Structure formats: structure tokens, C-alpha cells
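An overview of the molecular structure
Here is how the chains run, residue by residue.
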Amino acid sequence: MGTIKKERYKKCKECNKVLPYSAFTIGNNTCDNCIKSGNVTKRIRYQIPYYKKVYTVYQYRRNTYSKIFKQIQALALKYDHNIFYRTSAYRVLDLCYKLDSNGKRQHLGDEKHIFRYPALESVLNMIADCLLKKYQLLPRADVLHYLFKRTGIIIYNDKEEMQAELYETMRKPICIRLKANILLLKCLHAGMEIEDAASNVKKKYPILKQ
């Protein structure tokens, strides 16, 4: 005779009912009934990011880029989540480049540091990992918003990976961006308060306040 498989149960975060695993989509802590009934409207909203990371050696209007992706997020929430994930960040970027008088893209001027992008990516990954695990921050929109208001640190809530950095560094040359965020990571690993760590970096690099 074959062995009888024991049913496994877990608690739904929304309705607090203890239900079989079959009542949950894999990876979710909210049961399918709560999701279908609309009890988690706010949480579902933030499962779709409002921003896609993009890398370029040319200047672009970041506010315009962000505004377009917020509009795309709204459409994805209303019609189909895949609208966001199928949208190419670089197609959106094409609409946001700053052009000179000849209609050509304006270079950032730090091309000799382009090779540092992989290192920068790694540092931003580690900062996010440190904030979420060591400091136990929840990747909820209200928490991320409070974090940004208090410290100036922005966490990219991406589908594939999470990264974090000081917002002020995003507009700076790669060399400054990398050094400043490495310092931020060191301060966090040393156990400093998040707000103190961010303040320490800004004191070390006054250029970030410009």
C-alpha cells in the first residue's frame, strides 16, 4: 500500500484563516479567495513596480521617465499586469533623452568609468539585501516611502531583484555614485542607524547636496 500524503496548512495574512496549501498560489501568503475578493487591493498594487532600472551613458529627463512608468503601472493595474513587464525600459528611455542643438544625445561625460557598472550593480544589490535582512525592512510601499523621506534611500522593488541607493547619487557620475554607495554599504554593515549612515555619506560627499 502507498503512503498517505499528509495535508499541509498555513495561515492567510488577510483573513487569518488556517487553510490547506492548495488554497494558496505558490509563493503567496494570501489565500486565492482573498485575492479574488479584492481584500488585498493595496498589496496587489505594489506587486507591480512603478519604475524600471535603466543604464545609459547619455543624459535623460529622469522625472519624465518616472512619470511614464507610473502611467504604465496604472494601465497594468487596470487591464493586465503583463503590460508593465512587456514594456521595454529602453523604448521609454528613447522618449526622455536630452538633446543638444543638433538633435544629438548629450553624453554624461564619464565614459571612462563605464566598466564600473557591474560593480555598481553588485553594491546596490548588497545594500538592498542588507536593509531587508539585517534591518528587517518590509518591501511594502508605505515602508519604502517612509525610508525615502527619512533617509533619501530609494529601493527599486523589481520583479527579478531588489536594489537600493541614495537618490542623490542617481544623477551623479558613475565614479561618485559607486564610491558613495560603497560607503553607505560599509556604514550599514557596521551597524549604524540607517538615517545616520545616509547622513554620513552626504557629509563625506558634499557634491551630493548640489
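Notes on the structure follow. (Residues numbered from 1 in each chain as written. Predicted model: local features only at pLDDT ≥ 70, side-chain atom pairs only at ≥ 80, totals over all residues. Heavy atoms only, no water.)

**As for the nonpolar core**
For the record, the criterion: As used here, the term nonpolar core means buried Ala, Val, Leu, Ile, Met, Phe, Trp, Tyr and Cys residues forming a set that is joined through side-chain atoms within 4.5 Å. Buried, partly exposed and exposed residues are distinguished by accessible area as a fraction of the type maximum, computed with a 1.4 Å probe on protein chains only: under 20%, between the cut-offs, and over 50%, respectively. Only runs of H or I of at least four residues qualify as helices and only runs of E of at least two qualify as strands under DSSP, and these elements are numbered from the N terminus. Any two residues whose heavy atoms approach within 4.5 Å at even a single point are treated as in contact.
Core analysis: the biggest nonpolar cluster contains 32 residues, and Ile127, Leu131, Ile153, Leu184, Leu188 and Val201 have the highest contact counts within it. Of all the elements in the fold, those that place two or more residues in this core are helix H6 (117-133), helix H7 (141-151), strand E3 (153-157), strand E4 (162-166), helix H8 (174-189) and helix H9 (194-204). A total of ten residues in this core trace back to one element, the largest contributor, which is H8. If we skip the residues at most four places from it in the chain, isoleucine 127 touches Ala164, Asn181, Leu184, Leu185 and Leu188. Within the second largest apolar cluster, 18 residues are counted, among which are Ile48, Ile72, Ala76 and Tyr156.

**Section: the packing of H8 against H9**
Stated precisely, the cut-off is as follows: Axes, fitted as lines to C-alpha atoms, cover a helix only where it is in contact. Angles between the N-to-C directions of the axes lie from 0 to 180 degrees. Should the near helix be turned counterclockwise from the far one by less than a right angle, the crossing is left-handed, whereas a clockwise turn marks it as right-handed. Charged means Asp, Glu, Lys or Arg here, nonpolar means Ala, Val, Leu, Ile, Met, Phe, Trp, Tyr, Cys or Pro, and polar covers whatever is left, Gly included.
Interhelical geometry of H8 versus H9 gives an angle of 145° and a closest axis separation of 9 Å. Read as a crossing pair, H8 and H9 show a hand that is right-handed. On H9, the residues touching Ala180, Leu183, Leu184, Cys187 and Leu188 of H8 are Ile194, Ala197, Ala198, Asn200, Val201 and Lys204. Classifying every residue of the contact of H8 with H9 by side-chain character gives nine nonpolar, one polar and one charged.

**A few points about the state of the cysteines**
To keep things clear, this is the line we draw: Disulfide assignment relies on a single distance test, namely cysteine sulfur atoms paired within 2.5 Å.
One pass over the structure, following the stated rule, counts zero disulfides. Residue cysteine 15 stays outside any disulfide, its sulfur separated by 3.5 Å from that of cysteine 12, the closest cysteine. For cysteine 15, a relative accessible area of 27% puts it in the partly exposed group.

**As for H8**
For clarity, the threshold we go by: Expected helix span is computed as 1.5 Å times (number of residues minus one).
Spanning 16 residues, H8 covers 22 Å between terminal C-alpha atoms, matching the ideal 22 Å at 1.5 Å per step. In terms of burial, H8 is largely enclosed, as twelve of its 16 residues are buried. What H8 keeps buried is the set Ile174, Cys175, Ile176, Arg177, Leu178, Ala180, Asn181, Leu183, Leu184, Leu185, Cys187 and Leu188. Directly after H8, the chain includes glycine 191, whose backbone phi takes a positive value near 90°.

**Quick notes on unusual backbone geometry**
Leave glycine aside and you will find that most residues have negative phi; peptide bonds, for their part, are mostly trans. Positive phi, close to 65°, is recorded for asparagine 16, a residue that is not glycine. Mapped onto the fold, asparagine 16 is located in the loop between strand E1 (9-11) and strand E2 (18-20). Exposure remark for asparagine 16: the relative accessible area of 48% places this residue in the partly exposed category. Of note in the backbone geometry, glutamine 136 takes a positive phi value of approximately 55° without being a glycine.

**Structural notes on a nonpolar patch on the surface**
For clarity, the threshold we go by: What makes a patch is a set of residues exposed beyond 30% relative accessible area and free of salt bridges, joined within 9 Å when like-charged and within 5 Å when nonpolar (Val, Leu, Ile, Met, Phe, Trp, Tyr). Only the protein chains shown count as cover for residues, and the accessible areas themselves come from Shrake-Rupley with a 1.4 Å probe. Only one rule defines a salt bridge in this text: a Lys or Arg side-chain nitrogen within 4 Å of an Asp or Glu carboxyl oxygen.
Together, Leu75, Tyr79 and Ile83 make up a nonpolar patch on the protein surface, roughly 300 Å² of accessible area in all. Taking the relative accessible area as the measure of exposure, leucine 75 reaches 43% and is therefore partly exposed.

**Some points on the side chain of glutamate 165**
Threshold: Under the rule applied, a polar contact is a pair of N or O atoms within 3.5 Å (in protein, one hydrogen donor and one hydrogen acceptor; residues adjacent in sequence only if both atoms are side-chain atoms).
By the element assignment, glutamate 165 lies in strand E4. Among the polar contacts listed, one links the side chain of glutamate 165 to the side chain of tyrosine 156, at a separation of 2.5 Å. Sequence-distant contacts of glutamate 165, that is, excluding residues within four places in its chain, are made with Leu124, Gly152, Ile153, Ile154, Tyr156, Met170, Arg177 and Asn181.

**A word on the environment of tyrosine 58**
Here tyrosine 58 shows up in the loop between helix H2 (41-45) and helix H3 (62-78). Separated by 50 residues in the primary sequence, tyrosine 58 and leucine 108 have C-alpha atoms spaced 5.1 Å apart. When residues no more than four places from it in sequence are discounted, the contact partners of tyrosine 58 are Tyr97, Arg105, Gln106, His107 and Leu108.

**Structural notes on the packing of aromatic side chains**
The relation between two aromatic rings is expressed through the spacing of the ring centres and the mutual angle of the planes. The following threshold applies: Between rings of Phe, Tyr and Trp, where Trp is taken as its six-membered ring, a pair exists when centres lie within 6.5 Å; planes separated by under 30 degrees are stacked, by over 60 edge-to-face, and by other angles tilted.
This model, assessed by the stated rule, comprises six aromatic pairs. Ring centres of tyrosine 60 and tyrosine 65 lie 5.7 Å apart, and the angle between their planes is 70°; this geometry places the pair in the edge-to-face category. Here tyrosine 65 falls in the buried class, since its relative accessible area comes to 0%. When the centroid spacing of 5.6 Å and the interplanar angle of 85° are considered together, the rings of phenylalanine 148 and tyrosine 167 count as edge-to-face. Separated by 19 residues along the polypeptide, phenylalanine 148 in helix H7 and tyrosine 167 in the loop between E4 and H8 bring together distant segments of the chain. Every member of this aromatic cluster is reached through a ring pair, and the members are Tyr60, Tyr65, Phe69, Phe84 and Tyr85.

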